Amino acid sequence: MPNRDPSAGLCPALHDYDPFAPDHLADPYPLWRLSQREAPVFYVSKAGFWAVTGQAEILEAARNNEVFSSRDSLNFRPVPEHLSDRLPNGFPQAYPSLINSDPPEHSRIRKIANRSLTPRHVTVMEPAIREIATSLLESFVDDGAVDIVGRFAVPLPVTVIARFLGVDENDLPDFQRWSHAAFLMSNPNLDEDEFIRCATCHAELNEYLQERIAERRQDPRDDLLSRLVDGGEETTQLSNEQIISLTAQLLIGGNVTTTDLLGNLLLILLSEPERLQAVRSNPALIGPAIEEVLRIKSSIRGLFRTTTREVELGGVTLPEGATVWLLWGAANHDERIFPRPDEFELSRPNNKDHLAFGKGTHFCIGAPLARAELRIALELLLERLPDLRLADEQELVYPASPVSQGVERLQLEWTPGQPAPSGHLGRVGR
Ligand code: HEM
């Protein structure tokens, strides 16, 4: 067969598509919708992978694990030579467990993970989530201005997941450092020095978890790590490597996603004062507001699969070994499913039909936890910061990532010491 350019014949906007252009990172939706109309599956020549933007095509691929494999979804550079004895199985999260495995092995591990992190466990943790969020907020409530991402949205989820796992409070700073490095590693453009620093963090996290797992095997507690180690017959079959991989994936999956979503939630609510007022005056709208932000600006743009054989998708033939970018964020703006997709509508009848948490085999295991964190965070911020607003003239910067979407900083202002207006959200959640 003649060698031909797989992007030949695409309209110029798709042919020249640069997923990392700053304008596109800030507002990818017009181009993704153009693709939905013209070519819902297309080759991104600048990145060397295939993009899938149509909701139907994304669901078709996500359902077909045999052909659209997740096995290579977390790909990293090799472990640096001098760390190879500290990381004999590679990077902890790269060992197959959840997001990087396929059925039937995935199903077995997922069953164990599901039992260890249920909605009931999240409900039990809610007072602790509220306490963590309150103490973060107390550290800046009198300042009248803050970068809410750095001071609140970043530390909240990592502290919560550490508490869930059973990490000792004294180990929290190290744990936060390792979690941050775990996420940074997913950036293929990381420079060599930074890569080595992150790899060293991985070695430390690996050793730390090995020790904690050994402790839990001896002396189980009421925490997530103990449940993974010793939660029943099937669970005892998880190896240390699988538990460590799973834990590292919970860290990666559970931190930046929630940080970014919280930033997106505040940005969207505060950019239209009437929206904020609607939610303030009716706490029942907090849930719909979170779902609508998950739909309109989810923190995950897309995630990857690799084809195990040549396959047709959306009328396009993908070769074996193709890297396929399932754009969950684009599916949420598919106008065939969500009329007026760019409009934020609190009363959207199908507002829970978004795919922000994926669908099918790899559906997000942390969705109940993320929803609880977002709800509690929003309740508290609106309660304690009554005239909360966006600071003027700030530049919003999005990371050049094919996976995540969230502002790196978000400067907010309020008048310290203002009482909460009556009928205000401060009355909820108590
Ligand atoms: C707003 C926050 C979040 C968003 C938008 C989000 C999004 C997603 C998406 C789209 C997937 C599907 C991946 C795929 O199909 O390839 C996923 C899977 C996953 N998420 Fe989340 N997530 C969030 C929060 C969390 C939290 C809090 C945790 C951990 C506690 C977590 C852990 C995971 C894990 C481990 C998987 C892999 C599940 C599997 O393969 O079976 N996520 N998430």
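Residues numbered from 1 in each chain as written. Predicted model: local features only at pLDDT ≥ 70, side-chain atom pairs only at ≥ 80, totals over all residues. Heavy atoms only, no water.

Peer 1: Give me the lowdown on the site of the ligand, citing residues and values where you can.
Peer 2: Taken together, the neighbourhood of the ligand is formed by 27 residues, with His106, Arg110, Arg305, His362 and Cys364 sitting nearest. Elements supplying a minimum of two residues to the shell around the ligand: helix H5 (105-116), helix H12 (240-270), strand E5 (303-307) and helix H16 (367-384). Take the shell around the ligand: its biggest share by element is six residues, from H12. Residues of the shell around the ligand, tallied by class, amount to 14 nonpolar, eleven polar and two charged. (Near = heavy atom within 4 Å. Helix = DSSP H or I, 4+ residues; strand = E, 2+ residues; numbered from the N terminus. Nonpolar A, V, L, I, M, F, W, Y, C, P; charged D, E, K, R; others polar.)

Peer 1: Talk me through the pattern of salt bridges; I want residue IDs and the actual numbers.
Peer 2: One pass over the structure, following the stated rule, counts 30 salt bridges. In this structure, Glu204 engages Arg177 in a salt bridge whose closest nitrogen and oxygen atoms are separated by 3.2 Å. Placement of Glu204 in helix H10 (residues 192-218) and of Arg177 in helix H9 (residues 172-184) is noted, with a sequence separation of 27 residues between them. Judged by its relative accessible area of 23%, Glu204 is partly exposed. (Salt bridge = Lys/Arg side-chain N within 4 Å of Asp/Glu carboxyl O. Buried < 20%, exposed > 50% of the residue type's maximum accessible area, 1.4 Å probe, protein only.)

Peer 1: A description of the sheet that holds E5 should follow, citing residues and the corresponding values.
Peer 2: Read from one edge of the open sheet, five strands run E1-E2-E8-E5-E3, paired in mixed fashion. Looking at which strands have only one partner, the edges of the open sheet turn out to be strand E1 (41-44) and strand E3 (68-69). Pairing between strand E2 (residues 49-52) and strand E8 (residues 323-326): three bridges, direction parallel. From the neighbouring strand, Trp50 faces E8, where its bridge partner is Val324. Its contacts with the sheet put helix H4 (residues 55-63) on E1, E2, E3 and E8, and the angle it makes with E8 is roughly 125°. (Pairing = 2+ DSSP bridges. Contact = heavy atoms within 4.5 Å. Axes fitted to C-alpha atoms, helices over the stretch in contact; angles between N-to-C directions.)

Peer 1: Go over the sheet that holds strand E9 (residues 389-390), please, and point to the residues and values.
Peer 2: An order of E4-E10-E9 is seen for the three strands of this open sheet, with the pairing classed as antiparallel. Of all strands in the sheet, those with a lone pairing partner are strand E4 (145-147) and E9, marking the two edges. Where E4 meets strand E10 (residues 411-413), three bridges bridge the pair, whose relative direction is antiparallel. Within E10, the position partnered with Asp147 by the bridge is Gln411.

Peer 1: Account for the packing of aromatic side chains, naming residues and giving values.
Peer 2: Counted under the stated rule, the structure contains twelve aromatic pairs. A ring pair is formed by Phe304 and Trp325, whose centres lie 6.4 Å apart and whose planes are at 15°; its orientation type is stacked. On the criterion of sequence distance, the pair formed by Phe304 in strand E5 and Trp325 in strand E8 is long-range, its members being 21 residues apart. We note that Phe304, like Trp325, is buried. Of the aromatic side chains, those joined through ring pairs into one cluster are Phe49, Phe304 and Trp325. Note that Arg212 overlies the ring of Tyr208, its terminal NZ or CZ placed 4.6 Å from the centroid. (Phe/Tyr/Trp six-rings, centres within 6.5 Å; stacked < 30°, edge-to-face > 60°. Lys NZ or Arg CZ within 6 Å of the ring centre and 35° of its normal.)

Peer 1: Tell me what's going on with the packing of H12 against helix H13 (residues 273-281), and back it up with residues and numbers.
Peer 2: It is the contact of H12 with H13, at a shortest axis distance of 6 Å, that shows an interaxial angle of 105°. When the axes of H12 and H13 are compared, the pair comes out roughly perpendicular. Two secondary-structure elements touch here, H12 through Ile268, Leu269 and Leu270 and H13 through Pro273, Arg275, Leu276 and Val279. Here the residues of the contact of H12 with H13 are counted per class, giving six nonpolar, no polar and one charged. (Parallel < 35°, antiparallel > 145°, perpendicular 65-115°, else oblique.)

Peer 1: Please provide a residue-by-residue account of H12, values included.
Peer 2: Between the first and last C-alpha of H12 there are 45 Å, a value that for 31 residues agrees with the 45 Å anticipated at 1.5 Å per step. Within H12, 28 of the 31 residues are buried, leaving the element largely enclosed by the surrounding structure. (Expected span 1.5 Å × (residues − 1).)

Peer 1: Give a detailed account of the confidence of the model for the protein chain, specifying residues and quantitative values.
Peer 2: On average, residues of the protein chain carry a pLDDT of 90, and 95% of them reach 70 or more. Across the protein chain, E3 holds the top mean pLDDT of 98, while H9 sits lowest at 84. (pLDDT = per-residue confidence, 0-100.)

Peer 1: An account of the pairing of E1 is requested, with residue identities and associated values reported.
Peer 2: In this sheet, E2 lies alongside E1 in antiparallel orientation, the contact comprising four bridges. Paired with Val41 across the two strands is Val52, which belongs to E2. Connecting E1 to the antiparallel partner E2 that follows it, the hairpin turn spans four residues, and Gly48 within it adopts a positive phi of roughly 80°.

Peer 1: Describe helix H14 (residues 286-296), naming the residues involved and giving the relevant values.
Peer 2: Of all the eleven residues making up H14, nine are buried; the element is thus mostly covered by neighbouring parts of the structure. Buried within H14 are the following residues: Ile286, Ala289, Ile290, Glu291, Glu292, Val293, Leu294, Arg295 and Ile296. Buried residues in H14 make contact with helix H3 (29-38), H12, H13 and H16.

Peer 1: Let's hear about the coordination of the iron atom of the ligand: which residues, and what values?
Peer 2: Here the protein supplies the iron atom of the ligand with just one donor, Cys364 (SG), and that contact is 2.3 Å long. Secondary-structure assignment places Cys364 in the loop between helix H15 (328-331) and H16. (Donors = N, O, S within 2.8 Å, 3.2 Å for Na, K, Ca; no water.)

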